[in-house]
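Here's the letter readout for the chains.
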Amino acid sequence: MHDPHYFDPLTGARHALDEARWCSDARTPLMISPLPGISPDDIDRRERSLWRYRAALPGAVTRPVSMGEGGTPMVERAWGWLRPHFKLEWFNPTCSFKDRGAAVMLSWLRQIGIGAIAEDSSGNGGAAIAAYGAAAGMGVTIFAPAYTSSAKVAQIRAFGANVQLVQGPRENAETAAIEAAARIFYASHNWQPFFLQGTKSIAYEMWEDFGFQAPDNVVIPAGAGSNVLGCAIGFAELLAAGQIKRLPRLFVAQPLNCSPLDASFQA
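Residues numbered from 1 in each chain as written. Predicted model: local features only at pLDDT ≥ 70, side-chain atom pairs only at ≥ 80, totals over all residues. Heavy atoms only, no water.

Asker: What is the right way to look at the overall build of the chain in this model?
Answerer: A tally of helices and strands in the chain yields eight helices and eleven strands. Computed over C-alpha atoms, the radius of gyration of the chain comes to 18 Å, within 12% of the 18 Å expected from 2.2 N^0.38 for 267 residues, which places it in the range of a compact globule. The C-alpha extent of the chain, read off along each of the three principal axes, is 45 × 45 × 40 Å. For the chain, the proportion of its 267 residues judged to be buried stands at 50%. Partitioning the contacts of the chain with sequence separation of at least 6, the portion at a separation of at least 24 is 63%. Summing over all exposed atoms, the chain offers an accessible surface of approximately 13200 Å²; the carbon and sulfur share of this is 55%. Once the 23 positive and 24 negative side-chain charges of the chain are each reduced to a mean point, those two points are 5 Å apart. (Helix = DSSP H or I, 4+ residues; strand = E, 2+ residues; numbered from the N terminus. Rg over C-alpha atoms; globule rule 2.2 N^0.38 Å. Buried < 20%, exposed > 50% of the residue type's maximum accessible area, 1.4 Å probe, protein only. Contact = heavy atoms within 4.5 Å. Areas by Shrake-Rupley, 256 points an atom, 1.4 Å probe, with all protein chains shown as cover. Lys, Arg positive; Asp, Glu negative; His and termini not counted. Charge placed at Lys NZ, Arg CZ, Asp CG, Glu CD.)

Pasting the structure below:
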């Protein structure tokens with residue numbers, strides 16, 4: 001029997017999923033307990049979105065917030081003497097894989113009674129949260145660095161979100177959002193664990209795309225790494241379910257001008 005719950009990897013503390021939480025009592029990240037995965041028979045083939053894998057979620061979502069996210073094309077193309085497959089995530093509604101996490105996270109938060117949310121972002125995460133917050137009927141406030149591109153700010157505002165520009169480095173926007181968490185729920189794509197329950201759907205899609213097998217290798221561009229973590233979680237569940245024989249190797253790529261994970265690894 002599986003009892004899905006939030007848990008603190010540092011202390012082992014457990015919390016119920018219907019608690020309005022984004023972190024532990026000590027302000028450290030939470031995860032969702034390991035899940036058993038699903039089989040092809042569990043796929044809802046009536047859906048053409050990530051919700052076809054809803055059986056893999058830790059709790060039943062009765063009324064999903066969805067705009068058709070997921071189900072993105074897989075295209076094989078020549079790359080030198082190789083022929084890799086490319087997962088075209090810009091086919092998501094706001095042109096980003098973060099729509100996956102936003103859809104699942106906000107569906108769950110709305111279901112447990114959250115009506116207004118805050119997020120900090122300088123780009124795609126803010127756009128996804130703003131769009132899906134609007135679709136969910138939630139009030140949305142996005143804290144963004146003052147240097148955020150005007151086009152991205154315009155996109156976020158177009159979805160009806162209140163954008164608060166924060167002077168200084170990127171971390172200042174996060175600090176402002178966390179301070180606001182005393183009055184509005186902090187629905188962070190870097191903190192709230194249900195976001196990764198959405199991004200893990202890309203692993204399930206690749207598994208289905210490849211005839212219910214895992215690819216050998218997956219190369220993933222990363223900022224903070226929510227797509228990487230989602231893939232790791234999804235493939236781990238498929239392994240636990242006996243649906244794949246081994247985990248694919250995950251390779252993380254970062255642009256030189258924004259490479260905190262690489263810099264940490266090199267140090």
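Asker: It is not clear to me how helix α4 (residues 170-180) should be interpreted in this structure. Could you clarify?
Answerer: Those residues of α4 not exposed but buried are A173, A176, A177, I178 and A180. For α4, the secondary structure elements touched by its buried residues are β6 (116-120), β7 (139-145), β8 (162-166) and β9 (185-186).

Asker: Explain the pattern of salt bridges to me, please; I cannot follow it from the model alone.
Answerer: Under the counting rule described, the total for this entry stands at 15 salt bridges. When the shortest N-O distance is used, the salt bridge between E237 and K200 registers 2.9 Å. With a gap of 37 residues between them, E237 in helix α7 (residues 226-240) and K200 in the loop between α5 (194-199) and α6 (201-209) connect regions that are remote in the sequence. Taking relative accessible area as the criterion, K200 reaches 1% and is therefore assigned buried. Between D216 and R246 there is a salt bridge, and its shortest N-O distance comes to 2.6 Å. In this pair, D216 is assigned in the loop between α6 and β10 (217-221) and R246 in the loop between α7 and β11 (249-253), connecting sequence segments 30 residues apart. One continuous salt-bridge network, built from bridges that share partners, spans K87, E89, R100, E205 and D209. (Salt bridge = Lys/Arg side-chain N within 4 Å of Asp/Glu carboxyl O.)

Asker: What is the right way to read a nonpolar patch on the surface from this model?
Answerer: A cluster of nonpolar side chains, contributed by W79, W81 and L82, occupies part of the molecular surface with about 470 Å² of accessible area. Assignment of secondary structure puts W81 in the loop between β4 (74-76) and β5 (85-87). Of the residues examined, W81 reaches a relative accessible area of 79% and is grouped as exposed. (Patch = residues over 30% accessible without salt bridge, like charges linked within 9 Å, V, L, I, M, F, W, Y side chains within 5 Å.)

Asker: Can you walk me through the layout of surface pockets in this structure?
Answerer: Rolled over the atoms, a probe with the dimensions of a water molecule shows which regions are left empty. Each pocket or cavity is described by its volume, and for the largest pocket that value is around 1500 Å³. If you trace the largest pocket, you find 43 residues lining it, with F97, I220, P221, A222 and N227 closest to the centre. The set of elements that each furnish at least two residues to the lining of the largest pocket consists of β5, α2 (124-136), α6, β10, α7 and α8 (260-266). With five residues, β10 is the single largest residue contributor to the lining of the largest pocket. (1 Å grid on protein atoms, 1.4 Å probe; cavity = no way out; pocket = protein on both sides within 12 Å on 5 of 7 lines; lining within 4 Å. Points joined across faces, edges and corners; volume = space filled by probe spheres on them.)

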